Each structure stands twice: as structure tokens, then as C-alpha cells.
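Observations on the model geometry
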Amino acid sequence: MTNLGAKGWLRWGQGPSSLRLRILAWYSLIVMLSLLLISALVMWEASRSLWMDVDNDLLAGAKLIDGAIRRLPPEVLGTFSPDAGLRGEPIHRPPRPGGPRGDRGQRSGRPRPFNPRNEGPLPGGGVDGAMGTPRSNAWFQPSLDTQEVGDNTSTDNLASPRETFEESVDWSLLERIAPIRLSLQDAQAYSLVWGSDGSLLHQSRLPEEFPMVEVGEWTKTSFAGRSDRVVRQMRGHFRELFFKGPNESVICVGMNTTRELDRLWRYSMFLLLSGLSVFGIALLGGNWCLRRTLEPMRKMQAASEAIGTAQLDQRFDVRAMDREVADVASAINTMLDRLQQGFEQQKQFTADASHELRTPLAILLSSTELALSRERSAESYKKELEKCNRAAHRMHGLVESLLTLSRLEAPFDSGSMPPLRFDTICRDQLEYLAELAQHRNVTLRSEIDSCTVHGDAVMLERLVSNLLVNAIHYNQPGGWVQLTLRMCEPTPGQINPLVRLTVQDSGIGIPKDELPNLFKRFYRVDKARSRSSEGLNGSCGSGLGLAICDAIVKCHGGRIDAESVESAGSTFTVELPTSTAK
Amino acid sequence: MRVLVVEDEPDLLNSLTEALREEGYAVDTSLRGDEGLHKAISWDYDAIVLDWMLPGLDGIQFIEKLRRKKTTPVLLLTARDTVSDRVVGLDAGADDYLIKPCSLRELVARLRALIRRTTGHASSRIELGSVILDTSKRLVEVDGNDVPLTPREYALLEMLALHRGRLVTRTMIYDHLFDEDDDSLSNIVDVHVSHLRKKLGKDLIETRRGQGYIIHD
């Protein structure tokens, strides 16, 4: 028995794999992958647009500074020298809260910048707006370390380029024209400007945890090998934008993006949670759908179990089913049809066989009972015994026929049997039956070619004998029986030539509508005639003779056919494959 | 009592006929359904034993055609043993159903019961004053003493007893006591009646001159 469609993989334990679980596993895998894909796409798009917004703000800020310094004389922006470009000047940390804030405050003359560290502890703990101070674009307010700068100036008695630059820029104009940009204003934003020689010209307040880096390194890496005006980069959680300003100067605007990163993080968490819940819903829903889908299968199983051998006439109602289930159901129906047919045939056969056995048994019992009921004359005993004998013979013949039939049902390979002279078998049978033919006043004629077939001698003898006995029995007085045995050309598709045996009689013939049933077991065309007649081997008269012929011919890989014209005679044709050996 | 047996097995028919004749029945036979039906319609049989599978006309068609004209009790004797077969047979109009092979004794007993019922009697014992008939044992007692009767005498007495209170004509007696093979003399009935009177008493059977005989209740 073949194991239909049992997949070894994706299977739990030793028991049969569950279709539902397997489909569910695949389904959840697909749902999970699609959810992941969607989440990834959404996240990518969200972060892209977020960074685009941030970059646009940074770019706008950079352009503002660019506009403000564009009008400055070139010397303020520093003269370009290759050495100076690489001169490292550290970016200064913003001063400590406890530092020289008063001085810076005086200097800037503006309200405190955004940095709470720079502002110190606020009395109300409120924000700028709440304190009533106007929002300022503090990200560009210069943050000169006056002490350091002052030290420089005191020693050199010269204004440093940075100081000069800061003084030259009209920061107030910048404040006027700069629109209040939320992200730059609220975020810890900062700006830096380098001159063409790489010296730091401007530096706004830097956030507290700003990572220190060498300026030369910074600018060098920023535009290294790049021809575009704008370079963006992430440094820690700081987003920075470098912009080529006038006269080879470099403007950098950056901001702390902790808030954006936090937003992204919350967004991804939200996506993860909603994805998980969608996955859960999809899993539950899929399971429910699967159960529903498999429900008709379960019903069909229950219905199939209910169909026993006693109710083989039950069928599934295909009209009430969905197409896919209906296909399965109608296939089962077809199978049931065949099964029922087989059962019916078997039942019919058993009924027929028991009927055929009962009749002689009834004779046997009634005769013996009658004979034993009282003292009788010897003649009367003899008569009853003769009846019993006839009945016993009939039963014997019937049992033999039934055994032959059941033996013929077993697989039989005629090709492996020894080759037989079929012509000899035919001649022998003609000889054996000559007496019967003479008794019935029937002439036997024959035309026999010599030919060989593979097969069982006893079976083939029986075949010829049954056909001849039938032809003699169902003949008219003075009639004839013609047996012809010929070699024939092979039919298309076959290699070996055929042997064709024809038994033709001038008998009573067979009605046309009876012909299809002729080779069925226990089938009799005319019960009256066959009952009273006894064949040589008992099979004729029981309705099994031609069924046995049919079985024998099929065993030998041949075919049998009957043609008949009523009251003119019948012709039985047997075709058997020959053996090539002569 | 005259019965018809329709059976296509010559040997079985022979046994049945012998057995029934030995039981005192007049038996007509037929090997074919159509021929049997013809006989069944032409004569008033007391009962018919019928096979199902018959050449010419099968048992069911036989009963259906017979029932259009006669109510003769029919016992279906067949090898077809399934419940549905029995239902079909009985519904077609058969009065009893017996499956082959069966005991001859059972067949005869059922036939007796069939005839008894159709003549309107429930018991197998018939009491006619001092004369008692045991139809199951085919015995006659007068005042407690067995009286030996020939099968013909018994059959005649049984017929008159079953139709007691009614006139039984000579034709009826001829029809029911003798089968088609019998060519008895025309005065055989008078002979049997006089023998019965000698054995059972003069007053039991009354002669209606020119009409027939009667046993009074």
C-alpha cells in the first residue's frame, strides 16, 4: 500500500502530521514575514522623512549663516593656506554653568540661550516660553570663551580672527531674518564656521555631551573627496550638516537628535506591538478559517464511517458542497458506486449459487424422505435412488464449476505456461463429443489449422468442450456445428499472430438483447431448455458454462465474442494470442 | 382434495407428486408456468404448490394472473430465501411461502393448514356427532374407536366434513377427489359413499337425489 502524500518534514512527534498545523505554521511564517517587511518599509520611510526634515532645517540654518557672512570682506573669512587648513584647533567645550556667564550675558546682551546648563537652575523650573522670554534662534549665538580669547588678545594685543569674525557678523540681522525654526530652536542646535585656512571663526554654544574632535580632522573628513556643497553626517546622536560657504569657508550646523531618535524608537516600538497584535489576530483568524475549511472534511469522515456494507447505497449530496469538497465527495461516490456494484455482484452470485445448489438438494431431500416414509417396492427405491444420483451429479458439476471459476479469478500468467497444440485439443474434443452429437442428430464439421498457444491444457479443453456442447445442445435436429481454427494476422498493436477459434451452429440462436448478458454467471437465455439438459461436465445447464469460457479466455489474454441470428444459429469466436514457437 | 403442483424440476415434481398422492391428495402437475396457469384457471383446485423460477411464466406473474380470476390458495415453494423475496411473493398473492429444500412433512402440513383455513375452519379436528375426524393424522374415530378407511374414502369424508351443512355436488367430488390421470368409473362416488355408511353409520351422509351429498352440522 502506498503512503499517499506523507511529508516527513514539518511534522511533530511520531503520529500523523496534522494538515491544519502544517498550514497554520506556513501561514504564520508568511504573515510574520509580510509584517516584518511592512514594518521595515514603514520604519525606513519614517526615518527617511524625519532625517529629511532635520536636514532641511539644518540646511536652512546653514544657508542663513551663509547669507550673513557672504557680504563680509574676504580677509575676515581668513586667507587660505594649505598648512592652516590642517591646523588643529580644538573645539571648545561650552563653559561650565558656574563659569563666566555674567560676562557672556553682558556681551551678548540677549536673553539666555536654550541650553538649560547655560541658564542655570530656573526658579520656576519652566521653559523659556513660560518664563516670558522670547524664543530666540540661539543656535547661532556666538559663544566665545572670553577668558581664553581674552588671554590670547592680551598676549598678542591683536584680535584673533575668530574675534574679528564674530564682531563682523551682524548677528542681530540674522536673528531678524531667521524664521523661528522649531527643530533648530528647541533642539540643542549649534553652528560652527571655519575660515578658508581652516581656522575656527565661529562657534555657538555646544551641547554638554558634545563629543570632542579636532577641527582639522572634522573639516578634512567632511569634504574629503567630495565635490558637492553639502555633506551630512551623524556623530553620535548629533546630526550635522556641512555647507561650503563663501570664500572656501565651511559652515556647519548640527543638532542634538535625541528627541528624533527617541521618536523613532517609540515609533518602532509601536510598530512592533501593533505588528504582534496583528500577527496574533491573523493567527487566531487563520486557525478559525482553517477549522471552518476543514469542517466539511470532518463531516465527510463521519459520513464515511456511517456508510457500512449494509448501507452502501448512501451517497454524499454533492450539490450542497463547495466545489473543492464536492470533487472529493464525488470521487468517493464513484468509488462507492464501484464498491456497491462489486457487492451487488457478489451478493447476486451467492444468491444464484445457493439457488442452484438448493434445487438438487431439494430433490435429494424430498426423494430420500419419500423413500424412507414407508416400505416400498425395490423398483420404487431404485427410482428414488436414480433421482438422488442425478441430483448429486448435478451438484458435483456445479461445485466443480464454481471451483473452476474461483480458481480462474486467481492471477494466471499464460505466457509462462508450456506451449500447447491447440489443434490437437480441438480434434480431441470433437472426437469426445461425436457420440453426443450423433445422439442429438447434429453433424459436426471442422476446419483445423495447426497452431500453438501458451496455456493450461485442461482449461483450454474445457473451453472448446463447453462451446461445442452448447452448440450441440441448442441446435435443431438435423442441424450442424462448424468448428474452425485458423491463424490470423495480428491486430494492430500486437506482435504475435492470433489464433481464431470459431464455433458456429445452425441452432435456435440467441435474442439480440440477451447477447450482452450471455457471459454473466448463472445467466440463462431460456431456463426451460437449459434446466432439463445436462452437459458433459455438468457446467452446462447451471448457467456457468459460458462464464467459465469467458474467464478461461481472459486468463489466456484473449477475447470471446458471440454473434447470433435468432432461429438461424449462433457463432462464438475466440481469439487467443499464439506463441511464436511452432 | 385436489392440488396442482407446478415445478420445472422433473425429479422434484415427481417426488412431490408421489408424496402428496400418498397423503390422499389428487395431484395434477405441470412443468411450465403458462401451462400450469391454464390448468389452475380451468379447474377449482383446493390448493396450488408453485415454484418461483418457471419457464414460460414465473411464479409471481402466475399468481398475479391467477388472482384476477380465482382465490385458490397458493403455496410458493422456492429456493429464493431472502426476506425481500418472501415479501414480494406473499404480496403478489401467495398464501404461504416455503423455502427449498424443505421437508415433505412440513409441505404437507402447510398444505393441510392452507386448505383448512380457506374452507373456514381453524381446528384440525372435526366433530360430527359421534364421528371425529383428525385431519392432521387422517384418522376417523366412532365412539372412541378407530375406523380404518381407504385414502379415497377418507378424502371423500373429509371433503363432505369440511363442507358440512352445504351441498356437495357430484361434479365437485369428481373435481376434487380425482386428478386428471384418473379415469374412474362414474359410479365410484356412490360406491365410496356406501362404504362410508357401512363403516360410520347410515345417518351421517344424506343423499340429495340427482344433486349430491350433504353432512348436516
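Fair warning: this is a prediction, and the values are worked out from it, not measured in the lab. (Residues numbered from 1 in each chain as written. Chains lettered and ligands numbered in written order. Predicted model: local features only at pLDDT ≥ 70, side-chain atom pairs only at ≥ 80, totals over all residues.)

Turning to the environment of P246(A), a few remarks are in order. Residues and elements named next belong to chain A. Mapped onto the elements of the fold, P246 is located in the loop between β4 (238-244) and β5 (250-256). Owing to 15 C-beta atoms within 10 Å, P246 belongs among the partly exposed residues under this scheme. If near-sequence neighbours (up to four positions away) are discounted, P246 is found in contact with D66, I69, R70 and L77. (Helix = DSSP H or I, 4+ residues; strand = E, 2+ residues; numbered from the N terminus. Buried ≥ 20, exposed ≤ 12 C-beta atoms within 10 Å, placed from the backbone. Contact = placed C-beta atoms within 7 Å.)

All names here are of chain B. Residues of chain B with pLDDT of at least 70 account for 99%, and the chain-wide mean is 87. Within chain B, the element-level pLDDT minimum falls on helix α7 (residues 170-177), averaging 83, and the maximum on strand β3 (residues 47-50), averaging 94. Both scores are available for the predicted complex, with the pTM at 0.56 and the ipTM at 0.77. (pLDDT = per-residue confidence, 0-100.)

This next bit is on unusual backbone geometry. Each neighbour pair has its own omega, and for K100(B) with P101(B) the value is -10°, a cis peptide bond. Following the sequence through the fold, P101(B) ends up in the loop between β5 (96-99) and α5 (104-118). Located in the positive-phi region is S567(A), a residue other than glycine, with phi close to 55°. With respect to the helices, strands and loops of the structure, S567(A) is situated in the loop between β11 (559-565) and β12 (569-577). According to the C-beta neighbour criterion, S567(A) is exposed, with 10 such atoms within 10 Å.

With that settled, consider the interface of chain A and chain B. Contacts between the two partners involve 18 residues from chain A, matched on the other side by 19 residues from chain B. Elements with a contribution of two residues or more to the side of chain A that touches chain B: α12 (323-372), α13 (378-409) and α16 (527-532) of chain A. At eleven residues, the largest contribution of residues to the side of chain A that touches chain B is made by α12(A). Here the side of chain A that touches chain B is built from residues that sort into seven nonpolar, four polar and seven charged. (Nonpolar A, V, L, I, M, F, W, Y, C, P; charged D, E, K, R; others polar.)

The subject of this paragraph is helix α17 (residues 545-555) of chain A. Residue and element names in this part refer to chain A. Of all eleven residues in α17, ten are buried; the element is thus mostly enclosed. Those residues of α17 that fall on the buried side of the exposure criterion are G545, L546, A547, I548, C549, D550, A551, I552, V553 and C555. Looking at the buried positions of α17, the neighbouring elements they touch are α13, α15 (457-473), β11 and β12. Positioned one or two residues after α17, G557 has a phi angle of 70°, which is positive.

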